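Observations on chain architecture
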Amino acid sequence: MRRKILKGTTVLAGAMCLLASFCESAEPAGPSDSKAGGRKTLTVGFSQIGAESGWRTAETRSIRSEAARRGINLKFSDAQQKQENQIRAIGTFIAQKVDAIIDAPVVEAGWEPILKQAKAARIPVILVDRGVNVSDDSLYTTLIASDFVAEGKMAGDWLAKKLKGKGNVVELQGTPGAAPAMDRKRGFEAALKNHPDIKIIKSQTGDFTRAKGKEVMEAFLKAAQGSGAKIDAVYAHNDDMALGAIQAIEATGLKPGTDLLVVSIDGIKPAFEAMIAGKLNCTVECNPLLGPAAFDAVEATLAGKPIPKRTLVEDRIFDQSVSKEAIGSRQY
Ligand code: AHR
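Remember, it's a predicted structure, so these values are computed and weren't measured experimentally. (Residues numbered from 1 in each chain as written. Predicted model: local features only at pLDDT ≥ 70, side-chain atom pairs only at ≥ 80, totals over all residues. Heavy atoms only, no water.)

Glancing now at the overall build of the protein chain. For the protein chain, the count of helices and strands is 10 helices and 13 strands. Across the 332 residues that make up the protein chain, the buried fraction comes to 55%. The contacts in the protein chain between residues at least 6 apart in sequence include a share of 76% that link residues at least 24 apart. Carbon and sulfur atoms make up 53% of the accessible area of the protein chain, which amounts to about 14400 Å² in all. (Helix = DSSP H or I, 4+ residues; strand = E, 2+ residues; numbered from the N terminus. Buried < 20%, exposed > 50% of the residue type's maximum accessible area, 1.4 Å probe, protein only. Contact = heavy atoms within 4.5 Å. Areas by Shrake-Rupley, 256 points an atom, 1.4 Å probe, with all protein chains shown as cover.)

Below you can see the structure in the form of structure tokens.
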């Protein structure tokens, strides 16, 4: 399989997009009109998962601003976390005869029928952020995403070292069935394999949202109080859930970052602020600035150029020791 690696700095966002509404464009594409220079204006449909996290909003901004920068007509659809909404939106894009489709699939399974329809209509589908589970990988053109297993492993290695090989961990999982939820769990567990005295005592979904992260953490704390177990650390599959957990911990009078370690994934600015405040201990970056790479893939494939099946976005790990120097250069 051909593979390309995108360094964090090569996926920088272009100019900020001023469009703020998240509604689906309903107007039919019609025949694509021409730009002044005679080049065809491309119409691209983007099926986005929703706006569940700071990461997601940054990804949306990156795709929107890059489309605007390139003069591409973008049809945007927000699925509000529901796969059926994404499938419906992609069906609409196909009926509108868009030139290409960008899809950020909420879960891994269940995409074959709609991807077959796109293929039959000869519309390339570029997957961004999350992968799909299909028996025939010619159903999509390329996947541009981070290695979520590696992210989970980085978080686990960091935590195992900090806990000195011993402690009770609670885990806030992402959306059930989503690639980052499954893979970040797998990577984290792999890191803990050689540390039998580190135990994951509770693990539940917080759906990648701050509100759910807080709610589930409240329940974890209550259960621990009832059973007399001590929670030494929280592992959250994204920063938003970690920030919600921090609120829940503070409400009990405990100090997040000191009484309990908190480690998460994404690297959004509020996570750096929480690290500077001493409340979050570590975040593993997952770069959401995928607009430039996504539209490079769209333009290359429509021009008949070969593109790699998988583009890997490279991520880094940040902890409190570097948070002050790093925050100034964060773009999301
Ligand atoms: O798929 C990437 C994940 O989805 C991000 O970690 C999370 O914040 C988002 O909602």
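Another aspect to go through is helix 7 (residues 239-251). The end-to-end C-alpha distance of helix 7 is 19 Å, a good match for the 18 Å that 13 residues give at a rise of 1.5 Å each. Counting buried positions over the 13 residues of helix 7 gives 10, a clear majority of the element. Within two residues after helix 7, Gly-253 carries a phi angle of roughly 95°, on the positive side. (Expected span 1.5 Å × (residues − 1).)

Once that is clear, we can look at the nonpolar core. Counting 54 residues, the largest nonpolar core has Leu-159, Val-169, Leu-172, Met-217, Ile-231, Val-234 and Leu-280 as the members making the most contacts within it. Broken down by element, this core gets its largest block of residues, 7 residues, from helix 7. Of the domains in this structure, domain 1 (23-145 + 288-313) and domain 2 (148-286) are the two that each give at least three residues to this core. Leaving out residues up to four positions away in the same chain, Leu-172 has contacts with Gln-204, Gly-213, Val-216, Met-217, Phe-220, Val-234, Tyr-235, Ala-236, His-237, Met-241 and Ala-245. One finds Leu-42, Val-107, Ala-293 and Ala-300 within the second-largest nonpolar core, a separate group that totals 46 residues. (Core = buried A, V, L, I, M, F, W, Y, C linked by side-chain atoms within 4.5 Å. Domains from an automatic or database assignment.)

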